[in-house]
Amino acid sequence: MAIPRPDATRVMVVANQKGGVGKTTSTVNLAAALAQLGQHVLVIDLDPQGNASTALDIAHHRGTPSTYDLLVEGAPLADVAQPSPEIEGLHVVPATIDLAGAEIELVSVVARENRLTKALNASPLIGDASAGDGRYDYVIVDCPPSLGLLTLNALVAAKEVLIPIQAEYYALEGLGQLIETVEMVRQHLNPNLNISTILVTMYDGRTRLAAGVAEEVREHFGPQVLKTMIPRSVRVSEAPSYAQTVMTYDPGSPGALAYLGAAREIGQRSVKA
């Protein structure tokens, strides 16, 4: 069942400024699936709405140590990460409503786009095998649906961008801006950044439209697109209202099995340095 651990921590940003594409859903379910496959996973919730924190059943009321403390106050990663109550090997840095003001507070800070990078670099649990058995294998960052300072911090800290694209009309619309932003970050702030993974979500195999969109995405992005597609699923949508991922809510459902397959694919792919 387990997959081999990567040689070093893989830092992945899940981004798409278009709403409703399954961004947070994909973040939490891929994180849970990777943990179930024997990986040590850290989810960093950078969305002030805190939906990833809710779905992973992590406290995120005001006053909880959170990504706000990590970015604005400079708190160590170990002080703000909480273990998942449901899934062994999964930790979460939650987002509180305070994060909504972080973009404004960070504007006057020197090297404000490097705050997350600095926090990750300072953690002994992130790195290669020398970091020991307890190190994180994956850090997955859930971003707000905007290309502001929080998303910029994530893109500067990461090596990989994972873009969920829903198999619906206009799926590729608006992606140009995200791809331009990634390119700009690569040129000026983080030359190691690349769009490594495209995940097709909300796929309905009964419609010609979904098949056509999936084909268009594959033509556009080629090998970056995972073979596994996430089906449109009521169980996947229901799970967060029970403070769960679909991986624990209904492990045998098509949605859970698809996320497990996608996580396995991500684990088996070699990463461009």
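This structure is a prediction, so every number in the text was calculated from the model and none was measured.

What counts and what doesn't
- Residues numbered from 1 in each chain as written.
- Predicted model: local features only at pLDDT ≥ 70, side-chain atom pairs only at ≥ 80, totals over all residues.
- Heavy atoms only, no water.
- Helix = DSSP H or I, 4+ residues; strand = E, 2+ residues; numbered from the N terminus.
- Rg over C-alpha atoms; globule rule 2.2 N^0.38 Å.
- Buried < 20%, exposed > 50% of the residue type's maximum accessible area, 1.4 Å probe, protein only.
- Contact = heavy atoms within 4.5 Å.
- Areas by Shrake-Rupley, 256 points an atom, 1.4 Å probe, with all protein chains shown as cover.
- Lys, Arg positive; Asp, Glu negative; His and termini not counted.
- Charge placed at Lys NZ, Arg CZ, Asp CG, Glu CD.
- Expected span 1.5 Å × (residues − 1).
- Pairing = 2+ DSSP bridges.
- Salt bridge = Lys/Arg side-chain N within 4 Å of Asp/Glu carboxyl O.
- Core = buried A, V, L, I, M, F, W, Y, C linked by side-chain atoms within 4.5 Å.
- Axes fitted to C-alpha atoms, helices over the stretch in contact; angles between N-to-C directions.
- Parallel < 35°, antiparallel > 145°, perpendicular 65-115°, else oblique.
- Nonpolar A, V, L, I, M, F, W, Y, C, P; charged D, E, K, R; others polar.
- Polar contact = N/O pair within 3.5 Å; in protein donor to acceptor, adjacent residues only side chain to side chain.
- Phe/Tyr/Trp six-rings, centres within 6.5 Å; stacked < 30°, edge-to-face > 60°.

Which residues make up the overall build of the protein, and what values do they have?
Looking only at helices and strands, the protein has 12 helices and seven strands in total. A globule of 273 residues ought to have a C-alpha radius of gyration of about 19 Å, and the protein, at 17 Å, matches this closely. Overall size of the protein, expressed as C-alpha extent along the three principal axes, is 50 × 40 × 35 Å. Counting the 273 residues in the protein, one finds 53% classified as buried. Of the contacts formed within the protein by residues at least 6 apart in sequence, a portion of 79% connects residues at least 24 apart. Per element, the accessible surface of the protein, about 11800 Å² overall, is 54% carbon and sulfur. Both charge centroids of the protein, one from 20 positive and one from 29 negative side chains, sit 5 Å from each other.

Can you tell me about helix H12 (residues 254-268), naming the residues and giving the values?
Its 15 residues place the ends of H12 21 Å apart at the C-alpha level, agreeing with the 21 Å of an ideal helix rising 1.5 Å per residue. Every buried residue belonging to H12 is among Gly255, Ala256, Ala258, Tyr259, Leu260, Ala262, Ala263, Glu265, Ile266 and Gly267, and all of these are buried.

Pulling in residues and values, what's your account of the sheet that holds strand E3 (residues 82-83)?
The seven strands are arranged E3-E4-E2-E5-E1-E6-E7 in an open sheet whose pairing can be described as mixed. The two strands at the open ends of the sheet, each matched to only one other strand, are E3 and strand E7 (194-201). Across three bridges, the pairing between strand E1 (residues 10-14) and strand E6 (residues 160-166) is parallel. Counterpart to Met12 in the pairing with E6 is Glu160.

Give a description of the environment of Ser53 that names residues and reports values.
Examined against the element boundaries, Ser53 turns out to sit in helix H2 (residues 51-55). Using a relative accessible area of 0% as the deciding quantity, one classes Ser53 as buried.

Outline helix H1 (residues 23-36), listing residues and values.
For H1, spanning 14 residues, the distance from its first C-alpha to its last is 20 Å, which sits close to the expected 20 Å at 1.5 Å a residue. Most of H1 sits inside the fold, with 12 of its 14 residues counted as buried. Positive backbone phi, at 90°, marks Gly38, one or two positions downstream of H1.

Summarise the pattern of salt bridges; cite the residues concerned and give the values.
For the structure on display, the rule yields 11 salt bridges. We note a salt bridge from Arg5 to Asp137, for which the minimum N-O separation is 2.8 Å. With a gap of 132 residues between them, Arg5 in the segment before E1 and Asp137 in the loop between helix H6 (115-121) and strand E5 (138-142) connect regions that are remote in the sequence. In this structure Asp137 comes out as buried when scored by relative accessible area, which is 0%.

Can you tell me about the nonpolar core, naming the residues and giving the values?
Of all hydrophobic cores here, the largest spans 54 residues; its most connected members are Ile44, Leu116, Leu120, Val139 and Val141. Leu116 has contacts with Ile44, Leu46, Leu70, Leu71, Val141, Asn153, Ala154 and Ala157, leaving out every residue within four places of it along the chain. Formed by 38 residues, the second largest nonpolar core is a distinct cluster that contains Val28, Ala52, Val246 and Ala262.

Give a detailed account of the packing of H1 against H12, specifying residues and quantitative values.
Relative to each other, H1 and H12 sit at 70°, their axes nearing to 8 Å. It follows that H1 is roughly perpendicular to H12 by the angle criterion. On H12, the residues that touch Thr25, Ser26, Asn29, Leu30, Ala33, Leu34 and Gln36 of H1 are Tyr259, Leu260, Ala262, Ala263 and Ile266. Classifying every residue of the contact of H1 with H12 by side-chain character gives eight nonpolar, four polar and no charged.

Can you lay out the side chain of Glu160 for me, pointing to particular residues and giving the numbers?
Following the sequence through the fold, Glu160 ends up in strand E6. In this structure the side chain of Glu160 is engaged in a polar contact, spanning 2.7 Å, whose partner is the side chain of Ser196.

Now, about the packing of aromatic side chains: what can you tell me, with residues and values included?
The tally for this structure, following the rule as stated, stands at one aromatic pair. Aromatic side chains Tyr242 and Tyr249 sit 5.1 Å apart centroid to centroid with 20° between the ring planes, which places their arrangement in the stacked category. The class for Tyr242 is exposed, based on a relative accessible area of 52%.

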